[in-house]
Amino acid sequence: MSGKFITLEGPEGAGKTTALTTLAEALKADGHEVLTTREPGGIKISEEIREVILNKEHVMMDARTEALLYAAARRQHLAEKVIPALQEGKIVLCDRFIDSSLAYQGHARGIGIEEVLSINMFAIDGLLPHLTIYFDIDPVKGLERISQGNREQNRLDLEKLEFHLKVKEGYDILRERFSERFQAVNADQPAEAVVSDIQKILKAYL
Ligand SMILES: Nc1ncnc2c1ncn2[C@@H]1O[C@H](COP(=O)(O)OP(=O)(O)OP(=O)(O)O)[C@@H](O)[C@H]1O
Ligand SMILES: Cc1cn([C@H]2C[C@H](O)[C@@H](COP(=O)(O)O)O2)c(=O)[nH]c1=O
């Protein structure tokens with residue numbers, strides 16, 4: 001596969017979705033073919049799984065069921081959208097991927113990073129991101145942004161602060177473990193500055 005698979009990761013409200021569009025436009029202006037997408041979702045089947053996972057009424061969802069649903073949505077999204085784009089040589093910019101499962105389900109839910117990694121290795125069949133941009137922010141700040149913004153809060157947003165602090169702890173573990181592909185940016189600065197920092201990373205990488 002000749003394309004590049006670049007993922008954006010971080011706690012809630014870190015600014016990933018906001019940065020994604022600007023980054024894609026800038027890459028296109030530089031002559032790259034770019035596909036933007038998100039997880040869970042990106043295609044019909046996976047967006048439907050997203051609805052099931054994030055539905056606020058599904059408070060009884062078992063942690064392992066949750067992990068399996070994310071992995072199933074991931075597999076379909078890869079097979080239908082991401083792999084074909086990479087085969088065409090595109091840059092795929094994806095809002096969240098496997099590291100979200102490792103931080104949220106593996107570490108914060110307490111299933112264990114290794115266990116969640118193993119079901120995800122089946123789902124991704126070896127296709128790890130080439131580069132992962134980590135949006136570094138205090139979860140309290142990110143949650144404040146979400147509550148002040150206009151998007152509806154989902155089942156995961158509504159978890160206790162303790163959960164979101166564990167998510168950040170999980171990401172800190174992953175940043176060390178996968179240091180060869182993780183690059184962090186300070187997400188607690190104006191959106192333009194965040195994008196500019198990421199563009200420097202992308203320029204050096206591409
Ligand atoms: N750098 C920034 N400074 C201040 N506010 C920001 C910044 N980036 C994004 N926001 C605002 O914060 C809120 C969350 O941003 P966004 O949806 O991009 O985050 P996210 O990382 O994709 O969150 P989630 O993963 O929870 O969906 C939005 O209201 C957005 O306008
Ligand atoms: C891929 C993935 C996501 N999550 C969580 C993270 C967020 O709380 C939601 C997705 O909502 P967003 O607004 O698109 O960020 O799902 C997760 O727990 N595990 C995953 O693998």
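What you are looking at is a predicted structure, and each value in this text was computed from that prediction instead of being measured. (Residues numbered from 1 in each chain as written. Chains lettered and ligands numbered in written order. Predicted model: local features only at pLDDT ≥ 70, side-chain atom pairs only at ≥ 80, totals over all residues.)

Asks: How should I be thinking about the site of ligand 2 in this particular structure?
Replies: Close to ligand 2 lie E12, R38, E39, P40, Y70, R96, S100, S101, Y104, Q105, L156 and D157. When residues in the shell around ligand 2 are grouped by element, the largest group, 4 residues, is from helix 4 (residues 98-108). When grouped by side-chain class, the residues that make up the shell around ligand 2 number 4 nonpolar, 3 polar and 5 charged. (Near = placed C-beta within 6 Å. Helix = DSSP H or I, 4+ residues; strand = E, 2+ residues; numbered from the N terminus. Nonpolar A, V, L, I, M, F, W, Y, C, P; charged D, E, K, R; others polar.)

Asks: Just to check I follow, could you spell out helix 5 (residues 113-124) for this structure?
Replies: Think of an α-helix as 3.6 residues a turn; residues three or four steps apart then line up on the same face. Over its 12 residues, helix 5 extends 16 Å from the first C-alpha to the last, a length consistent with the 16 Å expected when each residue adds 1.5 Å. Every buried residue of helix 5 is listed here: V116, I119, N120 and A123. Taken end-on, helix 5 shows its buried residues confined to a sector of 100°, consistent with a single buried face. Residues of helix 5 that are exposed and angled more than 90 degrees away from the buried face: E114, S118 and F122. Where helix 5 is buried, its residues contact helix 3 (63-87) and helix 4. Just downstream of helix 5, D125 is the residue with a positive phi angle, here 50°. (Expected span 1.5 Å × (residues − 1). Buried ≥ 20, exposed ≤ 12 C-beta atoms within 10 Å, placed from the backbone. Arc of directions from axis to C-beta. Contact = placed C-beta atoms within 7 Å.)

Asks: Explain the UniProt feature "domain: Thymidylate kinase-like" (unreviewed entry) in the protein chain here, please?
Replies: Taking the numbering used here, the UniProt-annotated feature "domain: Thymidylate kinase-like" (unreviewed entry) corresponds to residues 8-198. Between the end C-alpha atoms of residues 8-198 there is a gap of 10 Å, over a span that is 57% helix and 12% strand. (UniProt positions renumbered as here; feature names shortened; annotations may be inferred.)

Asks: I keep staring at the site of ligand 1 and nothing clicks. Help me out?
Replies: The environment of ligand 1 is formed by 14 residues, the closest being G15, T17, T18, R145 and G149. Those elements that place two or more of their residues in the shell around ligand 1 are helix 1 (16-29), helix 6 (139-148) and helix 8 (191-205). Take the shell around ligand 1: its biggest share by element is 3 residues, from helix 1. Class assignment for the residues of the shell around ligand 1 results in 5 nonpolar, 6 polar and 3 charged.

Asks: Looking at this structure, I do not really get the nonpolar core. What am I missing?
Replies: Taken as a class, soluble globular proteins show a tendency for nonpolar side chains to be buried jointly. V92, L93, A103, I133, F135 and I198 are the most contacted members of the largest nonpolar core, which has 41 residues in total. It is helix 3 that provides the largest number of residues to this core, a total of 7 residues. Apart from the residues lying within four places of it in its own chain, the contact partners of V92 are G3, F5, I6, L35, T37, V82, A85 and L86. (Core = buried A, V, L, I, M, F, W, Y, C linked by C-beta atoms within 7 Å.)

Asks: In this structure, what is going on with the environment of T22? I would like to understand it.
Replies: Of note, T22 is situated in helix 1. Taking the C-beta count within 10 Å as the criterion, T22 has 16 such neighbours and is therefore assigned partly exposed.

Asks: Hey, could you run me through the packing of helix 4 against helix 5 in this one?
Replies: Each pair of packed helices can be summarised by the angle the axes make with each other and by the distance between the axes. At a closest axis distance of 8 Å, the pairing of helix 4 and helix 5 adopts a crossing angle of 145°. Our pair here, helix 4 against helix 5, has a crossing hand that is right-handed. Along the contact surface, helix 4 presents I98, S101, L102, Q105, G106 and H107, while helix 5 presents I113, E115, V116, L117, N120 and I124. Its residues assigned to classes, the contact of helix 4 with helix 5 comprises 6 nonpolar, 5 polar and 1 charged. (Axes fitted to C-alpha atoms, helices over the stretch in contact; angles between N-to-C directions. Left-handed = near helix turned anticlockwise from the far one by under 90°.)

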